[in-house]
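Summary of structural features
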Amino acid sequence: MSPKLWLISVALLCAWRCTYSIIQSFELADVKLASNTFQAKAAASNIRYLVELLDVDRLLWSFRKNAGLPTPGEPYSGSWEDPGCELRGHFVGHYLSALSFVVMNTGDAAASARLATMVAELRKVQDALRAQGHS
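Now for a look at the structure at hand. All values derive from a computational prediction rather than experimental measurement.

How each quantity is defined
- Residues numbered from 1 in each chain as written.
- Predicted model: local features only at pLDDT ≥ 70, side-chain atom pairs only at ≥ 80, totals over all residues.
- Heavy atoms only, no water.
- Helix = DSSP H or I, 4+ residues; strand = E, 2+ residues; numbered from the N terminus.
- Rg over C-alpha atoms; globule rule 2.2 N^0.38 Å.
- Buried < 20%, exposed > 50% of the residue type's maximum accessible area, 1.4 Å probe, protein only.
- Areas by Shrake-Rupley, 256 points an atom, 1.4 Å probe, with all protein chains shown as cover.
- Lys, Arg positive; Asp, Glu negative; His and termini not counted.
- Charge placed at Lys NZ, Arg CZ, Asp CG, Glu CD.
- Patch = residues over 30% accessible without salt bridge, like charges linked within 9 Å, V, L, I, M, F, W, Y side chains within 5 Å.
- Salt bridge = Lys/Arg side-chain N within 4 Å of Asp/Glu carboxyl O.
- Core = buried A, V, L, I, M, F, W, Y, C linked by side-chain atoms within 4.5 Å.
- Contact = heavy atoms within 4.5 Å.
- Polar contact = N/O pair within 3.5 Å; in protein donor to acceptor, adjacent residues only side chain to side chain.

1. Brief notes about the overall build of the protein
- The helix and strand tally for the protein stands at 5 helices and 0 strands.
- N-terminal to C-terminal, the α/β element order of the protein is α-α-α-α-α.
- Here the C-alpha radius of gyration of the protein, 25 Å, is well above what a compact globule of 135 residues would show, namely 14 Å.
- Expressed along its principal axes, the backbone C-alpha trace of the protein runs to roughly 80 × 40 × 25 Å.
- Classification of the 135 residues of the protein by burial places 22% in the buried group.
- Total accessible area on the protein is roughly 9,700 Å²; 61% of this is exposed by carbon and sulfur atoms.
- Considering the protein, the positive charge centre built from 13 side chains and the negative charge centre built from 12 side chains are found 7 Å apart.

Next comes the structure, spelled out in structure tokens:
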């Protein structure tokens with residue numbers, strides 16, 4: 001390697017190390033949105049949708065029906081949670097992930113309570129299915 005090429009290589013390496021050694025990872029929970037931003041308003045709207053507008057009994061209807069448990073309320077129809085849809089239950093998985101993400105990143109008490117309710121109710125379904133011999 002010629003001295004000139006070696007010097008250029010060393011200079012590029014030093015420049016790269018100086019640039020990238022100051023980059024550090026951080027937790028998403030360390031990022032706080034100013035309350036007056038579009039993003040914060042959108043996040044609040046999403047949390048409201050997850051916690052206030054979606055009904056637990058309607059989301060759990062097919063799970064409970066399959067387990068032979070009482071099914072209060074009506075199922076969501078014309079959606080992934082429609083009892084006749086082959087994808088029923090699919091949205092509930094996304095819903096649990098979304099609630100978990102909200103709780104992890106905001107600590108929202110209502111989202112945490114809703115997540116705990118969903119998990120407890122799904123546990124009842126799981127227990128009922130096990131009692132019927134399903135593993």
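2. A few points about a nonpolar patch on the surface
- Residues Phe26, Leu28, Val31, Leu33, Phe101 and Met104 make up a contiguous nonpolar surface patch of about 640 Å² in total accessible area.
- The topology assignment puts valine 31 in the loop between helix H1 (3–20) and helix H2 (38–53).
- Residue classification places valine 31 among the partly exposed residues on the basis of a relative accessible area of 40%.

3. Regarding the nonpolar core
- Judged by nonpolar contacts, the single largest core of 16 residues is most densely connected at Leu50, Val51, Leu59, Tyr95, Leu99 and Met118.
- Going through the elements one at a time, H2, helix H3 (56–67), helix H4 (90–106) and helix H5 (109–131) are the ones with two or more residues in this core.
- Here the element with the most residues in this core is H4; it accounts for 5 residues.
- Among residues more than four places away in sequence, those in contact with tyrosine 95 are Leu50, Leu54, Leu59, Arg114 and Met118.

4. Some points on the environment of arginine 58
- The topology assignment puts arginine 58 in helix H3.
- With 24 residues separating them along the chain, arginine 58 and aspartate 82 place their C-alpha atoms 9.6 Å apart.
- Here arginine 58 is in contact with Glu74, Pro75, Tyr76 and Ser77, once residues within four sequence places are set aside.
- There is a polar contact of 3.1 Å between the side chain of arginine 58 and the backbone oxygen of glutamate 74.

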